[in-house]
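One-letter residues, chain by chain:
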Amino acid sequence: MKKTLYLKFMLAYFIFGVFCFIAVTLFVPNISRQWLTKDKAKLLYSEATMVSDTYASDLYSNETDLETVKKQLDSLSVYLESSIHIINPSGRIILDTDRSLNVEEVRIIENFDPAITSGSYYTINDFFGNYSYDVLSVFAPITSNYMVKGYVVIHCPMASLEKPTSAILYISYMMLIILLLLSLIILIFFTEFVYIPLKKITYATEQYAAGNMHYEFQVDSDDEIGYLAACLNFMASEIARAEDDQKKFVANVSHDFRSPLTSIRGYLEAMIDGTIPPELYEKYLGIVLNETERLTKLTNGLLTLNNLNTKGMMLDRTDFNINAVIRSTAASFEGTCRQKTMAIELVLTGDTMYVNADLGKIQQVLYNLTDNAIKFSHPDSVIRIETTVKKNKLFVSVKDSGIGIPKEDLKFIFDRFYKSDLSRGKDKKGTGLGLSIVKEIIHCHNENINVVSTEGVGTEFIFSLPLSAKKIDEDD
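Residues numbered from 1 in each chain as written. Predicted model: local features only at pLDDT ≥ 70, side-chain atom pairs only at ≥ 80, totals over all residues. Heavy atoms only, no water.

Peer 1: How do you make sense of the overall build of the protein chain when you look at a structure like this?
Peer 2: Summing up its helical and strand segments, the protein chain has 13 helices and 12 strands in all. Counting only residues that meet the buried cut, the protein chain has 38% of its 476 residues in that class. Put simply, of all contacts in the protein chain between residues at least 6 apart along the chain, 65% involve residues at least 24 apart. Only carbon and sulfur atoms are counted for the fraction: they give 57% of the accessible area of the protein chain, which is about 28100 Å². (Helix = DSSP H or I, 4+ residues; strand = E, 2+ residues; numbered from the N terminus. Buried < 20%, exposed > 50% of the residue type's maximum accessible area, 1.4 Å probe, protein only. Contact = heavy atoms within 4.5 Å. Areas by Shrake-Rupley, 256 points an atom, 1.4 Å probe, with all protein chains shown as cover.)

This is the structure in structure tokens:
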């Protein structure tokens, strides 16, 4: 397409021009000739009628002489650039403007038949052999006392119509050339708004096919081509981002697996070569056990995310009391809160609140959010879990008064393995998968989760769940 599209368009333009010239050459002369013939015949017939009603009628009624009529018709024939005959019904020529007047000369047109016009007022032929070329002849009868006394016949050589026909053909050629030149504007528009953008898009797709997903191009257009270019740019940026995320994902997984494995290997080698004395085995075996638990937690998180991302995953949706789940989740952190001298405050709407969701996965969401809130809160602080009902939706808020999340990190917190700089030193055992799992679970329910955070003040996560049909009926 890059090498031939423009040439194809130019070839089509050239062929179009050739066919236009052929069409003009074939049709314009015939059409012009027909139109000029009818127009000339109409004019001659009008003059012939006028002559038959005046000069010829007076001639046959003896009100004027033949010489006077001859002078008048000679002048008219010069004006009309035609020959005028007055002919008797028998075919005898009474008057001919092409010849001098001679009453003794008898000229008769053989096989003269005024019906030759076949219902029209003009005919094109050699006029019964009287001419060696085709002439346009019009007939106007001369009547007196309701009888046809003769005919006024005006002849115009068809060759005289060739000059205006050629002039029209010339004008047609000039107009065609002008139109073809003006149509070059279409070629300019095609080049500027179609060919050049397509060339950019083609080059960009070649770059993407070669693996250069970071190549960017711009097409300043609001039409379909501009939309296509924008879609390609967006697609490439998304693929590039996905590749970067994949590289980051592999690096993070490698780092998070390598650190505990290095610790486990180091302690075990130290125990084998005697660097660690037997009386300290229990202490370091406990450390090794903690590292294996960390690996197990990391592996389980990856498996959970993989399952959540599986297309067509079915949720085990049931109607359950979300308040009971929140209370049981808060109770599971009682020991942790006691160690950090923290408290969990529950502000729940009603004694019971039924929602329609997957009980097990919502428990995991609440556990992860509460665990994060406790992990990044200061001692002697309060974690607040609150529910609110709005338009057949239940909104659950988990709010802490901890270290908060920097503004520039908010858009990344749901990415896998992402940890802000503030959390890295504080959460050494975290995998960076908890919030990713939370987001995937909520999105699987076709709901949303949002975060509001101020650095040094605290963080609030809010997610929605659909109320059960039972609860909606009770409200109605």
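The discussion continues.
Peer 1: For this particular structure, what's the right way to read the nonpolar core?
Peer 2: Soluble globular proteins tend to pack their nonpolar side chains together in the buried interior. With 37 residues, the main nonpolar core has Ile322, Ile362, Leu366, Leu369, Phe461 and Phe463 as its most contacted residues. Looking at this core, the elements that each hand over two or more residues are α8 (322-332), β8 (354-358), α10 (359-375), β9 (382-390), β10 (393-399), α12 (434-444), β11 (449-454) and β12 (458-466). When residues of this core are assigned to their parent elements, the largest contribution, 6 residues, is made by α10. Not counting residues within four places of it along the chain, the set of residues in contact with Ile362 comprises Phe320, Ile322, Ala357, Ile442, His445 and Leu465. In this structure, Leu44, Val51, Leu73 and Val138 belong to the second largest nonpolar core, which totals 24 residues. (Core = buried A, V, L, I, M, F, W, Y, C linked by side-chain atoms within 4.5 Å.)

Peer 1: Help me understand the pattern of salt bridges in this model?
Peer 2: Should their charged atoms come close, side chains of opposite charge can pair. This structure, assessed with the given rule, holds 12 salt bridges. Measuring nitrogen to oxygen at the nearest pair gives 3.1 Å for the salt bridge that ties Arg33 to Glu162. Separated by 129 residues along the polypeptide, Arg33 in helix α1 (residues 5-53) and Glu162 in helix α4 (residues 162-182) bring together distant segments of the chain. Put simply, Glu269 and Arg265 hold a salt bridge, and the shortest N to O gap is 2.9 Å. On the criterion of helical spacing, the pair formed by Glu269 and Arg265 is a turn pair, its members being 4 residues apart in helix α6 (residues 224-272). Looking at Glu269, the relative accessible area reads 40%, which means it is partly exposed. By relative accessible area, Arg265 is classed as exposed at 57%. (Salt bridge = Lys/Arg side-chain N within 4 Å of Asp/Glu carboxyl O.)

Peer 1: Can you help me understand the packing of aromatic side chains in this one?
Peer 2: Note on aromatic pairs: each is described by the distance of the centres and the angle between the planes. Tallied over the full model, the rule gives 13 aromatic pairs. With centroids separated by 6.3 Å and ring planes inclined at 35 degrees, the aromatic side chains of Phe112 and Phe139 adopt a geometry described as tilted. In this pair, Phe112 sits in the loop between β2 (93-96) and β3 (122-125) while Phe139 sits in strand β4 (residues 135-144), placing the two residues 27 residues apart along the sequence. Judged by its relative accessible area of 6%, Phe139 falls in the buried class. Taken together, the aromatic side chains of Phe112, Phe127, Phe128, Phe139 and Tyr151 make up a single cluster linked through ring pairs. (Phe/Tyr/Trp six-rings, centres within 6.5 Å; stacked < 30°, edge-to-face > 60°.)

Peer 1: Explain the sheet that holds β11 here, please?
Peer 2: Sheets are built from strands paired through backbone hydrogen bonds, the pairs being either parallel or antiparallel. With respect to topology, 5 strands assemble into an open sheet ordered β7-β9-β10-β12-β11, the strand pairing being mixed. Looking at which strands have only one partner, the edges of the open sheet turn out to be β7 (343-347) and β11. Adjacent strand axes in the sheet meet at a mean angle of 15 degrees when their direction is disregarded. One ladder, built from 5 bridges, connects β7 with β9; its direction is parallel. (Pairing = 2+ DSSP bridges. Axes fitted to C-alpha atoms, helices over the stretch in contact; angles between N-to-C directions.)

Peer 1: Is there a simple way to explain the packing of α10 against α12 in this structure?
Peer 2: Helix-helix packing is characterised by the crossing angle of the two axes and by the distance between the axes. Here α10 crosses α12 at 145 degrees, and the two axes come no closer than 9 Å. For the pair α10 and α12, the crossing hand works out as left-handed. Contacts from Lys361, Ile362, Gln364, Val365, Asn368, Leu369 and Asn372 of α10 reach α12 at Gly434, Leu435, Ile437, Val438, Ile441 and Ile442. Looking at the contact of α10 with α12 residue by residue, the class counts come to 8 nonpolar, 4 polar and 1 charged. (Left-handed = near helix turned anticlockwise from the far one by under 90°. Nonpolar A, V, L, I, M, F, W, Y, C, P; charged D, E, K, R; others polar.)

Peer 1: Sorry if this is basic, but what is going on with the pairing of β4 here?
Peer 2: The side chains of a regular strand alternate, residue by residue, between the two faces of the sheet. Counting buried residues in β4 gives 7 out of 10 residues, a clear majority hidden from the surface. Pairing of β3 with β4, which is carried by 4 bridges, proceeds in the antiparallel orientation. Looking across to β4, one finds that Tyr122 is bridged to Val138. In the sheet, β4 pairs with strand β5 (residues 147-157) via 10 bridges, with the strands oriented antiparallel. Within β5, the position partnered with Val135 by the bridge is Pro157.

Peer 1: Mind showing me how you'd approach unusual backbone geometry here?
Peer 2: For residues other than glycine, phi is negative in most cases, and the peptide bonds are mostly trans. Here Phe128, not a glycine, exhibits a phi torsion of approximately 60 degrees, which is positive. Mapped onto the elements of the fold, Phe128 is located in the loop between β3 and β4. Despite not being glycine, Asn392 shows a phi value in the positive range, around 60 degrees. As for its position among the elements, Asn392 is in the loop between β9 and β10. Overall, Asn392 belongs to the partly exposed group, its relative accessible area being 44%.

Peer 1: For this particular structure, what's the right way to read helix α3 (residues 66-80)?
Peer 2: For an α-helix, 3.6 residues make a turn, and residues three or four places apart therefore share a direction. Across its 15 residues, α3 extends 20 Å between first and last C-alpha, which sits within 8% of the 21 Å expected from 1.5 Å per residue. Within the span of α3, buried status applies to Leu66, Val69, Lys70, Leu73, Leu76, Ser77 and Leu80. Along α3, the residues classed as buried sweep out an arc of 135 degrees about the axis, all on the same side. Opposite the buried face of α3, by more than 90 degrees, sit the exposed residues Lys71, Val78 and Tyr79. Note on α3: the residue one or two positions beyond its end, Glu81, has a positive phi of about 55 degrees. (Expected span 1.5 Å × (residues − 1). Arc of directions from axis to C-beta.)

Peer 1: Help me understand the side chain of His85, please; the structure alone is not making it clear to me.
Peer 2: Mapped onto the fold, His85 is located in strand β1 (residues 83-87). One polar contact links His85 to Asp96, side chain to side chain, over a distance of 2.7 Å. Polar contacts involving the side chain of His85 include one to the side chain of His155, which spans 3.2 Å. Setting aside anything within four residues of it in sequence, one finds His85 in contact with Leu95, Asp96, Asn130, Tyr131, Tyr151, Val152, Val153 and His155. (Polar contact = N/O pair within 3.5 Å; in protein donor to acceptor, adjacent residues only side chain to side chain.)

Peer 1: Would you take a moment to explain a negative patch on the surface for this structure?
Peer 2: On the surface, Asp220, Asp222, Asp223 and Glu224 cluster together to form a negatively charged patch. The topology assignment puts Asp222 in the loop between α5 (184-209) and α6. For Asp222, a relative accessible area of 86% gives the class exposed. (Patch = residues over 30% accessible without salt bridge, like charges linked within 9 Å, V, L, I, M, F, W, Y side chains within 5 Å. Lys, Arg positive; Asp, Glu negative; His and termini not counted. Charge placed at Lys NZ, Arg CZ, Asp CG, Glu CD.)

Don't take any of this as a statement about function, it's just geometry.
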